[in-house]
Amino acid sequence: MSDYNIKSILQEFKEKGIFYTTKDLAEYMKSFLPDDVDEIYDPTCGNGGLLSVFSDDVQKYGQDINAGQVRDAKEHLKNFHGAAGDTLEEPAFWGRKFRYIIANPPFSIKWEPKKDERFDGFPCLPPPSKADYAFLAHILHYLTDDGTAVVLNFPGILYRGNAEGKIRRWMVEQNYIDTVIAVDGGHFVDTKIATAVLILKKNKTTTDLRFIHNDLERTVPVSEIKDNDYQLSVSSYIIEVEEREEIDPVALELHARKLFLTRLESELAFEKMACELEDMDIVPFIRAIQEIVRKYDTPKKKKIFDINQMSIF
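Conventions and cut-offs
- Residues numbered from 1 in each chain as written.
- Predicted model: local features only at pLDDT ≥ 70, side-chain atom pairs only at ≥ 80, totals over all residues.
- Heavy atoms only, no water.
- Core = buried A, V, L, I, M, F, W, Y, C linked by side-chain atoms within 4.5 Å.
- Buried < 20%, exposed > 50% of the residue type's maximum accessible area, 1.4 Å probe, protein only.
- Contact = heavy atoms within 4.5 Å.
- Helix = DSSP H or I, 4+ residues; strand = E, 2+ residues; numbered from the N terminus.
- Pairing = 2+ DSSP bridges.
- Salt bridge = Lys/Arg side-chain N within 4 Å of Asp/Glu carboxyl O.
- pLDDT = per-residue confidence, 0-100.
- Lys, Arg positive; Asp, Glu negative; His and termini not counted.
- Polar contact = N/O pair within 3.5 Å; in protein donor to acceptor, adjacent residues only side chain to side chain.

### Thoughts on the nonpolar core
Part 1: Counting residues in hydrophobic clusters, the biggest one holds 42 residues, and the most contacted among them are I177, L200, F211 and I225.
Part 2: Setting aside chain neighbours within four positions, we find F211 in contact with V180, L216, E217, R218, V220, I225, L232, V234, Y237 and I238.
Part 3: Within the second largest apolar cluster, 25 residues are counted, among which are V37, L77, V197 and I199.

Dropping the structure here:
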């Protein structure tokens, strides 16, 4: 396949909110499931990338809207039971329940709201412009009462309001969210977008929520979540503090500048991706940053003292 075709396909996936995980991220998501998984379900399986990290003897179930991707999965996965079709419109394996689910649904795509038993108890339907919580509703419906689901999401689901805010609050109150994990960018082809992993369970023995970012982890009581208006961004609950030894202040400043520039580039990449997914214009934001920079982009002036007037001019 030519580079042009590959780029065209990647662009098409990007426009549809579809990003394929690297194997290391798939293995990381798998690590939150037991070692003795004998059956796994992926409702948006693509060509089976997430399912491929499970051994050949594991029964694998998957559905994807792209029939070609499902055929590809059938060719290279052992014990794969695949179905082509729109998971939200025409869900396969209806009536089945799975103890273990792993998924990377497309990020914030449009959908046609359709009320069925998957949304029983929900305070409202997800908005037509963003199907993220529709996929989560599907996953919860297919999950057994003692099951675990590991789902990769766009971070916006952790803080967006309106209908999504109501659903997020309901999921916390139902005690379905076990863990929220912030995943840094760099795990996808052709984008540096940061993501979030939700671990869902129906059999939790505590109402606490666990938050993880890299090597940092914190268990948060649901009362704190409530006080924070049910907002679940990991940065709101984990404050990262770096311990530093006494070093040369100049070296420290140079190091801080390097970290700032790296963080700025990462934040801008994330903001660009968020604007594309939310159909927003990033230009005003960039111009606002440029205005701030201009305030400091001036040559250093020497201070001249008038001995008689003792003033600076």
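### A few points about the pairing of strand β8 (residues 209-213)
Part 1: Burial of β8 is extensive: 4 of the 5 residues sit out of reach of the surface.
Part 2: Across 5 bridges, the pairing between β8 and strand β9 (residues 216-220) is antiparallel. Across the sheet, L209 pairs through a bridge with V220, a residue of β9.
Part 3: A loop of 2 residues connects β8 with β9, the two strands running antiparallel in sequence, and N214 in this loop sits at a positive phi of about 55 degrees.

### Observations concerning the pattern of salt bridges
Part 1: Summed over all chains, the structure comprises 9 salt bridges.
Part 2: With its nearest N and O atoms 2.9 Å apart, the salt bridge here joins E173 to R169. Here R169 and E173 lie together in helix α5 (residues 162-173), a separation of 4 residues that amounts to about one turn.
Part 3: Three or more residues are tied together by salt bridges with common partners; here these are D132, R160 and E164.

### Some details on the confidence of the model for the protein chain
Part 1: In the predicted model, the protein chain carries a mean pLDDT of 85, and 84% of its residues have values of at least 70.
Part 2: Across residues 309-313 the pLDDT falls below 50, and counting only partners more than four positions away or on other chains, this stretch makes 8 contacts in the model.

### Focus: the side chain of K204
Part 1: Relative to the elements of secondary structure, K204 occurs in the loop between β7 (195-201) and β8.
Part 2: No salt bridge is formed by the buried K204. Its closest oppositely charged neighbour is D178, at 4.8 Å.
Part 3: Among the polar contacts made by the side chain of K204, one reaches the side chain of N175 at a distance of 3.0 Å.
Part 4: Separated by 2.9 Å, the side chain of K204 and the backbone oxygen of D208 make a polar contact.
Part 5: Setting aside residues no more than four positions away along its own chain, K204 makes contact with N175, I177, D178 and L209.

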